[in-house]
Amino acid sequence: MPQVLAPYAADPAATRGRRHPEPSPQGRTEFQRDRDRIIHSNAFRRLEYKTQVFVNHEGDLFRTRLTHSLEVAQIARSVARNLGLNEDLVEAISLAHDLGHTPFGHAGQDELNACMREFAPGSGGFEHNLQSLRVVDELEERYGDFNGLNLCFETREGILKHCSLSRAAQLGDVGERFLNRTQPSLEAQLTNLSDEIAYNNHDIDDGLRSGLITLEQMRQVKIFDRHYAEVVARYPGLAERRAITETVRRMINTLIIDLTETTAARIAEHKPASIDDVRQAPPLVGFSAEIRAEADELKQFLRDNLYRHYRVLRMTTKAKRILRDLFKAFLDDPRLLPPQYQSRASVDQARAIADYIAGMTDRYAIKEHRRLFLVNDE
Ligand code: MG
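Residues numbered from 1 in each chain as written. Predicted model: local features only at pLDDT ≥ 70, side-chain atom pairs only at ≥ 80, totals over all residues. Heavy atoms only, no water.

(A) Fine view of helix α3 (residues 65-83). Helix length check: α3, at 19 residues, gives a terminal C-alpha distance of 27 Å against a target of 27 Å (1.5 Å per residue), a fit within 8%. Every buried residue of α3 is listed here: R65, L66, H68, S69, V72, A73, I75, A76, V79, A80 and L83. Of the surrounding secondary structure, the elements contacted by the buried residues of α3 are α2 (42-46), α4 (87-96), α5 (105-119), α10 (186-210) and α13 (240-270). Immediately downstream of α3, the backbone of G84 shows phi near 70°, a positive value. (Helix = DSSP H or I, 4+ residues; strand = E, 2+ residues; numbered from the N terminus. Expected span 1.5 Å × (residues − 1). Buried < 20%, exposed > 50% of the residue type's maximum accessible area, 1.4 Å probe, protein only. Contact = heavy atoms within 4.5 Å.)

(B) Main features of the side chain of H97. Tracing the backbone through its elements, the reader meets H97 in the loop between α4 and α5. A distance of 2.7 Å separates a polar atom in the side chain of H97 from the backbone oxygen of S94. Here D195 takes part through its side chain, which lies 3.2 Å from a polar atom of the side chain of H97. Non-local contacts of H97, meaning those with residues more than four positions away in its chain, are made with H68, S69, V72, S132, K161 and D195. (Polar contact = N/O pair within 3.5 Å; in protein donor to acceptor, adjacent residues only side chain to side chain.)

(C) Inspection of the coordination of the magnesium ion at higher detail. The magnesium ion binds to the protein through H68 (NE2), H97 (NE2) and D195 (OD), with metal-donor distances spanning 2.1 to 2.4 Å. Read in sequence order, the donor residues coordinating the magnesium ion give the pattern H-x28-H-x97-D. With H68 in helix α3 and D195 in helix α10, this residue pair connects regions lying 127 residues apart in the sequence. (Donors = N, O, S within 2.8 Å, 3.2 Å for Na, K, Ca; no water.)

(D) Spatial organisation of the environment of A114. Locating A114 in the fold gives a position in helix α5. Its relative accessible area of 28% is what places A114 among the partly exposed residues.

(E) Structural view of the packing of α4 against α10. Contact geometry for α4 and α10: axes closest at 9 Å, N-to-C directions at 45°. Taken together, α4 and α10 sit at an angle that is classed as oblique. Remark: the crossing between α4 and α10 carries right-handed chirality. Mapping the contact onto sequence places L89, V90, I93 and S94 in α4 and E187, A188, L190 and T191 in α10. When the residues that make up the contact of α4 with α10 are grouped by side-chain class, the tally is five nonpolar, two polar and one charged. (Axes fitted to C-alpha atoms, helices over the stretch in contact; angles between N-to-C directions. Parallel < 35°, antiparallel > 145°, perpendicular 65-115°, else oblique. Left-handed = near helix turned anticlockwise from the far one by under 90°. Nonpolar A, V, L, I, M, F, W, Y, C, P; charged D, E, K, R; others polar.)

Encoded structure:
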């Protein structure tokens, strides 16, 4: 049965369209087609071998960007269904939101940004949101009629979560909202917060599993402690690992319910009658003030104790060195690039190098570094 959409939802039949006009799809909606194209892309498959916090080869149970993206889609779809929003669109945005991520997580993005600024001044640096858009607009080469995946405006708008004003001015339709200070669709707003719910909770789970953070430390964080206490009271003697996953499950549930209820109340207050009304309204998707404060405390905790843990920093320092070496080597001699990137490099060398490096998986970057710098390798 087709989903009944609320009047403020994104309607695929009323999409603002694709960059290259195409006939409507048969047997599926425009946003389903976007979701399908994303799943079939090369960049999507590479997410399996890209890091979230832990480098891919550190253990088989840790999240990768692929499983993270699936978790985001699951959360976003649940809330979308309850609010009458477009599930296909939130799924498409969720699955595409990290396509432009470099290898080695945020460390990789920071280093590539630094390289682009330092070695290619005026390049505009490197930003993973913009790169996700670049992947779907330009870099995927699969279809006869166009470069990229030629996705709908609404999917592209959701992928571009933030953007500087100077870049926004160069981006045409998807850049406009940053210049006009208007909001994106509710589907885009929802996916953004679903991303936050997903990573905060799976980073707790992965952080505890890795031993980098302890249960005692986690219990200093209000939202965790509150749910953990409930679990221990309800299931005395439950094995620790199971108590942790049960706690995380309850936290995700609390966050989803709060997000749904708070957003429903804001929608009732502002009464948007269409997606155009949503664009003119203040941000409508959000948490209550109490839950927002608790989620912020958790984020700060993870930043201080997990992302800046010395063992994580050792890995990220190595990762940064690898990307910097690669960038410098290709800049010094673009003939070292694979042929398809050499032809791009003749137009904009630094950008072609950034595209090549950003597309690498963690293990590919490590291998490529070995191939370029180790005399006795392969
Ligand atoms: Mg994400």
